[in-house]
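Structure at a glance
Next come the chains, spelled out residue by residue.
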Amino acid sequence: MEILYQNYFNTSTQAVVNSNTSTAQYLLTRDTYYQYVSSGFNNDLTQTTIRINFDATTSVSRIAILNTNAREMIIFRNGLTASTFALTTTSSTVTSSWVSNSASSMYLSFSAVDVTSVSFDIKSTIVANVEKAVAQIVISSVQINFSQLPSAKNYKPLIDTKQIVHELSDGGTRVHAVKDKYSHKVKLTNAPLTFQSQFKTLFEAHNPFMFCPFGTTTSWDAILYEAVWVGNFDFYTYSDDNANAGFTGNMDFRESPT
Amino acid sequence: MPGQSIIDYIKKPHSRVFRRAYIKRRNIGTGAFESSWVEISKDIKKWGTISTQLDSERLNKFTFGNMRVVVQNDQGKYNPEDSEDSYWYNYMPQQRTLFKIETGFFDFTTTSGVTQVFNIPNGVTTAFVGIFSGDMPGSDKNEITFNVKPLTEVFRNYAASNIRGLDGSMTASRFMELLRDQTDGSGGFVFRPFFDNTTTNFDISTTTTQYLNLNTSTSEELREKNVWEIIEKLSEAENHVSYITRDGKFRFRSRSALTTTAAYLFNGVGGTDNTYGQTIKTINSYGKKPSKFYSRVQIQFNSLNTTTSYSTVQSAMVVESANAAWALGERTFSISNTLIPNVTVAEALAQNIFNDVSTIKNEIEFTTTFVPHLEILDRVQITYDSSPVLFRSLWDLNDWADATNSSDLYWDASGGNALKLNAKEFKFISQNIDLDRFECKFIAREV
């Protein structure tokens with residue numbers, strides 16, 4: 001369970017693609033049905049490149065790629081294909097280079113490294129010879145890595161849907177779905193002072209952040225979103241009525257507008 | 001889904017909807033609108049209601065409800081142009097900024113990992129184009145309410161006496177074309193930039209009557225009037241309507257329904273049509289409108305208060321059951337329009353209006369689920385059969401002694417008797433699209 005800084009890739013002008021530039025903006029959209037889709041690259045012998053540039057050298061340690069159909073792909077930094085990322089959560093590969101990927105979404109963890117750009121070279125697709133597609137790319141670094149996880153009863157994940165419910169004249173019901181948003185309510189007990197301090201810093205910053213409950217390279221549930229902390233900071237309560245047992249506190253994370 | 005129409009999505013029990021808002025600012029150097037729309041959807045807290053009315057209060061009166069859009073302003077993006085955080089910094093002030101709303105349904109399909117998103121109706125989803133106009137104060141809630149007015153406002157904000165190019169053979173349609181092509185005298189179009197800088201956004205029906213009083217900008221008819229007031233007077237004289245369409249086009253045309261066949265079929269309880277499905281939530285009112293019945297139409301076409309300045313068409317009151325004036329009272333619809341050039345035109349106009357208002361007609365006000373694609377004056381059909389409220393015996397008591405039918409006993413009709421509409425045709429004279437509740441309210445008049 002991790003809290004990341006806001007996506008360092010936050011404007012479409014950072015993205016350089018080698019086709020269909022108008023859809024590059026979708027790489028920033030959390031709604032994964034909006035994808036960047038290449039144009040004229042529906043052949044596994046052609047390569048689509050997505051390059052995310054940064055104005056200044058930036059330290060990154062997490063990359064997420066969501067809803068992609070990439071099979072053979074390499075992710076590298078600073079324009080050098082040899083400069084892949086050494087993954088700490090490995091699967092079929094220990095570096096950010098895949099020959100036969102089958103995961104539609106991946107959350108990649110690696111030690112912090114300075115970059116001026118991150119490139120995604122997609123050479124082939126899971127279903128052969130179709131246009132290359134990617135819904136969202138997140139490039140960030142870790143703000144808080146949860147040293148302890150909440151118990152199941154203290155962890156309330158939710159897809160919070162905004163919908164309009166109509167009752168018609170014949171008694172029937174029609175629903176118009178406006179948007180689905182993630183929200184998480186997390187309660188931690190026995191949090192040590194250092195952990196409490198991290199959350200206090202997060203709260204006092206009053207900034208949005210990226211929340212990823214369980215990021216994995218394979219079989220990822222693809223839950224990663226920009227969140228805001230709603231409500232108060234109450235990590236001042238001692239757990240177990242014991243000043244030495246750590247702190248108990250509640251967090252209410254809700255997804256920001258997109 | 002490919003191949004599915006707006007009708008399919010309106011009747012779907014569960015569907016995805018969207019609403020998007022955009023602005024277009026004016027360059028501080030050239031004064032011209034920027035070329036692309038800037039989306040501000042994610043900052044909007046309250047969307048308000050798009051409200052358009054034509055003829056609903058008075059003939060030829062196009063009105064637009066006061067749309068108020070509330071945006072969150074935590075970062076000062078909606079501050080006035082003198083704030084460095086403002087979207088308008090280094091642009092012209094917020095007043096008269098173009099504002100557009102798109103709304104509709106959306107769906108997507110995924111094939112081989114490639115997702116394709118569809119906007120319905122068919123990619124043409126503009127529901128409103130207008131401008132920011134009026135006071136727009138902020139508050140300590142970190143939000144700003146924008147007053148939005150339709151594009152008619154750009155005609156209201158221009159004195160009629162400033163119009164260039166008037167001459168002695170001015171027809172109503174030529175006048176509208178003159179507005180379309182109106183410049184500041186140095187080649188800069190005055191109205192066209194608000195209509196996407198294209199002549200195709202002016203839909204003008206040709207008329208032939210010449211308005212000799214509109215021969216010069218110093219004409220008495222133009223004095224102390226704005227351009228929209230002249231447009232309304234000309235529309236009245238021609239028995240036409242002038243309004244702005246949902247996608248921001250200026251339209252000047254006859255008052256007849258837009259199509260001869262129904263553009264949409266609304267079904268409520270008792271309706272069995274599967275093509276359009278059920279859409280009516282409630283019928284708020286239905287019935288004849290004596291308040292819109294007139295047995296006399298009197299037009300004053302000359303400012304002199306003499307009998308020859310008036311043209312009157314009326315049905316004489318006769319004390320008999322078939323006489324409308326006797327049944328409903330003698331009511332006069334008065335028009336004063338000195339743009340009308342002569343008695344012949346006045347008589348023809350009076351007769352046309354009389355034909356329209358001398359018959360009492362039904363009007364219906366009803367609320368539906370989200371039906372975003374219809375236009376004022378669209379012809380529609382409505383089917384509704386209210387269920388009986390007070391349940392009685394299933395056996396129809398009135399038929400026990402039926403001498404006509406051979407059977408004494410048969411089941412009563414399953415529907416109710418209070419309100420029964422069977423594909424009855426109306427044309428829209430008012431529509432409200434509530435973008436916060438994705439709900440529509442229509443007023444329609446019997447065709």
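Use the structure listed above.
For every chain, the first residue of its written sequence is number 1, and the numbers climb from 1 along that sequence. Chains carry letters from A onward and ligands carry numbers from 1 onward, assigned in written order. In view of the model being predicted, local features appear only for residues whose pLDDT reaches at least 70, and side-chain atom pairs are presented and counted only at 80 or more, with totals across whole chains, interfaces and linings using the full set of residues.

Runs of E in the DSSP output that reach at least two residues are strands. Runs of H or I that reach at least four are helices, and both are numbered from the N terminus. Per the secondary structure count, chain A includes one helix and 16 strands. Along the longest, intermediate and shortest principal axes, the C-alpha atoms of chain A span 65 × 60 × 35 Å. Neighbour density around each residue's C-beta defines its exposure: 20 or more other C-beta atoms within 10 Å make it buried, 12 or fewer make it exposed, and counts between make it partly exposed, where C-beta atoms are placed from the backbone. Residue burial in chain A is summarised as follows: out of 258 residues, 35% are buried.

Residues and elements named next belong to chain B. Helix axes use the C-alpha atoms of the stretch in contact, all axes being lines fitted to C-alpha atoms, and the angles between their N-to-C directions lie in the range 0 to 180 degrees. Running from N to C, helix α3 (residues 172–180) and helix α4 (residues 227–238) point in directions that differ by 155°, and their axes come no closer than 10 Å. Here α3 is positioned roughly antiparallel relative to α4, judged by the angle of their axes. Where α3 crosses over α4, the handedness of that crossing is left-handed. Each of Ala172, Phe175 and Leu179 in α3 lies in contact with α4, whose residues at this interface are Val227, Leu234, Ala237 and Glu238. Roughly parallel here means an angle under 35 degrees, roughly antiparallel means over 145, roughly perpendicular means 65 to 115, and every remaining angle is called oblique. The handedness criterion is simple: a crossing whose near helix is rotated anticlockwise from the far helix by less than a right angle is left-handed, and one whose near helix is rotated clockwise is right-handed. Any pair of residues counts as being in contact when their C-beta atoms, constructed from backbone geometry, are within 7 Å of one another.

All names here are of chain B. Within the secondary structure layout, Tyr91 lies in the loop between β6 (67–72) and β7 (98–111). A tally of 19 C-beta atoms within 10 Å means that Tyr91 is categorised as partly exposed. Sequence spacing of Tyr91 and Phe33 is 58 residues, and the spatial spacing of their C-alpha atoms is 9.6 Å. Here Tyr91 is in contact with Arg25, Arg26, Asn27, Ile28 and Glu81, once residues within four sequence places are set aside.

Residue and element names in this part refer to chain B. Ordered by their spatial adjacency, three strands build an open sheet running β11-β13-β12, and the pairing between neighbours is mixed. On the outer flanks of this sheet lie β11 (202–204) and β12 (240–244), each paired with one strand and no other. Averaged over all adjacent pairs, the angle separating strand axes in this sheet is 15°, with direction ignored. Pairing analysis gives five bridges linking β12 to strand β13 (residues 250–254), with the strands arranged antiparallel. Bridge pairing in β13 places Tyr243 opposite Arg251. Two strands pair if DSSP finds at least two bridges between them.

This part takes up the interface of chain B and chain A. Between chain B and chain A, the contact holds 22 residues from the first and 26 residues from the second. If you list the elements that add at least two residues to the side of chain B that touches chain A, you get β1 (14–24), β8 (114–120) and β15 (280–288) of chain B. Element by element, the count of residues in the side of chain B that touches chain A is highest for β1 of chain B, at four residues. When strand β12 (residues 173–191) of chain A meets β1 of chain B, the two strands line up parallel, connected through three bridges. The residue of β1 of chain B that forms the bridge with Ala177 of chain A is Arg16 of chain B.

If you look at the biggest cluster of nonpolar residues, it comprises 90 residues, and the most contacted ones within it are Val69, Val297, Ile299, Ile340, Leu349 and Ala350 of chain B. The residues touching Ala350 of chain B, leaving out its near neighbours within four places in the chain, are Val297, Ile299, Ser311, Thr312 and Val313 of chain B. Joining buried Ala, Val, Leu, Ile, Met, Phe, Trp, Tyr and Cys residues through C-beta atoms within 7 Å gives a set, and that set is a nonpolar core.

Nothing here speaks to function; it is all geometry.
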